[in-house]
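Fold and geometry: a report
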Amino acid sequence: AEKHAGVSCVTASMDDIQFEEAARIGQIITIKAKVNRAFKTSMEVGIQVTVQDVLTNVEKVVSVAYATYVAKPVGARKVDFELEPVKLLSREDQLEYTLAIERRRIRLGYEQVFRNLMQESNKEGDYYKSFEEEDAVSTELTHVQSIELVQPPHANHHGNTFGGQIMAWMETVASISASRLCRSYPVLKSVNMFKFWGPSVVGDRLVFNAIVNNTFQNSVEVGVRVEAYNCEEWIKDQARHINSAFLIFNTVNDKGELLTFPRIKP
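Per chain, the residues get numbers from 1 upward, laid out in the order the sequence is written. For a predicted model such as this one, the threshold for reporting local features is a pLDDT of at least 70, and the threshold for listing and counting side-chain atom pairs is 80 or more; totals across whole chains, interfaces and linings nevertheless cover every residue. Here the side-chain values reflect all heavy atoms present in the structure, with hydrogen atoms and water set aside.

In this analysis, a patch consists of residues with relative accessible area above 30% that form no salt bridge, clustered at 9 Å for like charges and at 5 Å for the nonpolar side chains Val, Leu, Ile, Met, Phe, Trp and Tyr. Areas reported as accessible are Shrake-Rupley estimates using a 1.4 Å probe. Residue values count occlusion only from the protein chains shown. Definition used for salt bridges: Asp or Glu carboxyl oxygen within 4 Å of a side-chain nitrogen of Lys or Arg. A cluster of nonpolar residues, Tyr110, Val113, Phe114 and Leu117, forms a patch on the protein surface that exposes about 340 Å² of accessible area. Strands are runs of DSSP state E lasting at least two residues, helices are runs of H or I lasting at least four, and both sets are numbered from the N terminus onward. Relative to the helices and strands, Leu117 is located in helix H2 (residues 91-121). Summary of the burial criterion: residues with accessible area below 20% of their type's maximum are buried, those above 50% are exposed, and those between are partly exposed, where the area comes from a 1.4 Å probe applied to protein chains only. For Leu117, a relative accessible area of 46% corresponds to the partly exposed category.

Before going further, it helps to examine the nonpolar core. Here, nonpolar core means buried Ala, Val, Leu, Ile, Met, Phe, Trp, Tyr and Cys residues that are tied together by side-chain atoms lying within 4.5 Å of each other. By size, the foremost hydrophobic cluster in this structure holds 49 residues, and its most contacted members are Phe194, Leu206, Phe208 and Val224. Segmentation of the chain into domains, including their bounds, is taken from an automatic or database domain assignment. Inspection of this core shows a minimum of three residues originating in each of domain 1 (1-110) and domain 2 (135-265). Contacts: residue pairs with any heavy atoms within 4.5 Å of one another. In contact with Phe208, other than residues within four places in its own chain, are Val144, Gln145, Ser146, Glu148, Ile166, Trp169, Met170, Val173, Val224, Arg225 and Val226.

Quick look at H2 now. Taking 1.5 Å as the rise per residue, H2 with 31 residues should run 45 Å; its terminal C-alpha atoms sit 45 Å apart, in good agreement. Of all the residues in H2, the buried ones are Asp93, Glu96, Ala100, Arg103 and Arg107. Against the buried residues of H2 lie strand E1 (9-14), strand E3 (28-38), strand E4 (42-52) and strand E5 (59-71). Expected helix span is taken as 1.5 Å per residue step, with the number of steps being one fewer than the number of residues.

Turning to the domain arrangement of the protein chain, a few remarks are in order. When its domains are assigned, the protein chain resolves into domain 1 (1-110) and domain 2 (135-265). With centres defined by C-alpha atoms, the gap from domain 1 to domain 2 works out at 23 Å. Each partner contributes to the interface: domain 1 provides 14 residues, whereas domain 2 provides 13 residues. When residues of domain 1 are sorted by the area they lose upon contact with domain 2, Met14, Ile17 and Phe19 head the list and together hold 41% of the total. At the boundary of domain 1 and domain 2, one finds 0 salt bridges. Elements that contribute at least two residues to the side of domain 1 that touches domain 2 include exactly E1 and strand E2 (17-18). The dominant element in the side of domain 1 that touches domain 2, judged by the number of residues it contributes, is E1, at 6 residues. Three residue categories are used. Nonpolar comprises Ala, Val, Leu, Ile, Met, Phe, Trp, Tyr, Cys and Pro, charged comprises Asp, Glu, Lys and Arg, and polar comprises the others, including Gly. Among the residues making up the side of domain 1 that touches domain 2, the classes are represented as 7 nonpolar, 4 polar and 3 charged. Defined here as a combined quantity, buried area equals the accessible surface (1.4 Å probe) lost by two parts on assembly, summed across both.

Quick look at the pattern of salt bridges now. Close approach of charged atoms allows side chains of opposite charge to pair. Taken as a whole and assessed by the stated rule, the structure comprises 10 salt bridges. Linking Arg105 and Glu102 is a salt bridge whose minimum nitrogen-to-oxygen distance equals 2.7 Å. Of this pair, Arg105 and Glu102 both sit in helix H2, separated by 3 residues, roughly a single helical turn. Judged by relative accessible area, Glu102 falls into the partly exposed class, the value being 35%. Between Lys236 and Glu232 there is a salt bridge, and its shortest N-O distance comes to 3.0 Å. Linking Lys236 with Glu232, this pair stays in helix H4 (residues 231-236), spanning 4 residues, or about one helical turn. Counted as one network, the salt bridges with shared partners bring together Asp15, Glu44, Glu96, Arg103 and Arg107.

Listed below in structure tokens is the structure:
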């Protein structure tokens, strides 16, 4: 993103990330990234992750993801700053360029749909009556909290916490939350609606709260909320909401068969 923009850039959001394969110790991971399309001050970066087994030489795609970056020019460059358009060198570039505007439209529409649903759900007074099942497990059992101190290795060259580091901490706390239902080791299948509401920096304390939102036949959704505090905010208990995401897990037995999750009661 910064190679294209020529100025500092920050991550604004990640589209839903699907994990097709698991990468394991001893395998070779290749990560390729390129700017698919530049808008006025933001751009879409496409990222492909592949894994290669050194014994069999077989290469598989782990994940394809799309990140939105925002350019942050400083000083006089802020005035009338606009990103250069992307140079399209192949038919693949042209396709990604066209799809980028559609993904952007869907992304913005996605947020509005969820805002509307949240407003409607707040009006429904009898919502919880449908969850009085005897065998349902209370979501209180799945609540997990973790606190991390952001240190220099956790931050990028701007001093902001790596988005990937936050996602890794999210996965850990969400995995523990899911495991309290399935009593086994959950496998992460996707990360949905991973958005940055604000930055965190070296020295911040990050508080991760995870809870199971719902279970389906063979999968479970865990919601994670991340709040940041500097020293003064920590003493005053004034949190900054910096991230939220929804992580989807499933579990398999020794034969590779998907296991069923129990129903939950909010």
